[in-house]
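Coordinate inspection notes
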Amino acid sequence: MENVHKRFGQNHVLNGVSLEIERGQVVAIIGRSGSGKSTLLRCLNGLEKIDSGSIRVCETELNGLASKDLLRLRQRVGIVFQGYNLFPHLTVKRNVTLALTNIKKMSLAEANAIASKVLQQVGMAEKLEAYPEMLSGGQQQRVAIARSLAMMPELILFDEVTSALDPELTGEVLRTMENLAREGMTMTLVTHEMAFAKKVADVLVFMHAGKVWEIGSPKELFAHPKTEELNRFINSEIK
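Everything numeric in this text was worked out from a predicted model, so none of it was measured.

What counts as what
Residues numbered from 1 in each chain as written. Predicted model: local features only at pLDDT ≥ 70, side-chain atom pairs only at ≥ 80, totals over all residues. Heavy atoms only, no water. Core = buried A, V, L, I, M, F, W, Y, C linked by side-chain atoms within 4.5 Å. Buried < 20%, exposed > 50% of the residue type's maximum accessible area, 1.4 Å probe, protein only. Contact = heavy atoms within 4.5 Å. Pairing = 2+ DSSP bridges. Helix = DSSP H or I, 4+ residues; strand = E, 2+ residues; numbered from the N terminus. Salt bridge = Lys/Arg side-chain N within 4 Å of Asp/Glu carboxyl O.

This next bit is on the nonpolar core. Counting 51 residues, the largest nonpolar core has I145, F158, M177 and M187 as the members making the most contacts within it. Excluding anything up to four places from it in sequence, M177 contacts I145, F158, V161, M187, L189 and F196. Residues L40, I55, I79 and V190 belong to the second largest nonpolar core, which totals 27 residues.

And the structure:
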């Protein structure tokens, strides 16, 4: 991202954001509500159009990309939201295979094999034939992660994926994400889980007032914040 600006009416949500994410990195984005974190993620896979600046993801310039090209890009850039967005009338397996058969035009047998693999990866192999209503929130979120993995993305974006979960369920989702990080998945996550960001992220980004206010290694920024804004945020989040 280079000098990216995004407005919603009079609200200048992204105010000259520049950010580079390297392949294999885990980048954690922190900051108060309204600082632009989620909008930044949505711009990275074209869910929001920027007003000015430039974004290049997976060798593709997002500016002015046609709808069909955006669809192809989104197969390479997965996103997992706070809401699981699973189809309640479909089994776990079919929730994972749907995009593979409908968008990638795979055979059902091939899609089922991939579903089995990615559900095993997130510790949900035994729930293949279950329906979403039979699962806990943490289990549904892991299925949502598996659905994204099934598309074999080069980058996965996570937008506050644990914020609606209780502490026990949060732990199981964070362990899944930590395993993905160990396996080398390129990940960018908006999170309020400070301990997780410090442990797993390669790069920490603190956003404030629509800008990248501080950026660096998590251990360095948590121990030695350079600005009063980050210092206040850390003190308010870590109790």
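On we go.
Strand residues, when the strand is regular, have side chains that alternate between the two faces of the sheet. Bridge count for strand 1 (residues 2-8) against strand 4 (residues 52-54) is two bridges, and the pairing is antiparallel. Bridge assignment links E2 to a residue of strand 4, and that residue is S54. Sheet topology note: the strand 1/strand 2 (residues 11-17) ladder contains five bridges and is antiparallel. Bridging from a neighbouring strand, F8 pairs with N11 of strand 2.

Summed over all chains, the structure comprises 13 salt bridges. The salt bridge involving K6 is made with E48; its shortest N-O contact spans 3.9 Å. Of this pair, K6 sits in strand 1 while E48 sits in the loop between helix 1 (37-44) and strand 4; the two residues are 42 residues apart in sequence, bridging distant segments of the chain. Of the residues examined, K6 reaches a relative accessible area of 8% and is grouped as buried. Its relative accessible area of 19% is what places E48 among the buried residues. Through salt bridges with shared partners, a single ionic network connects R23, E59, R76 and E154.

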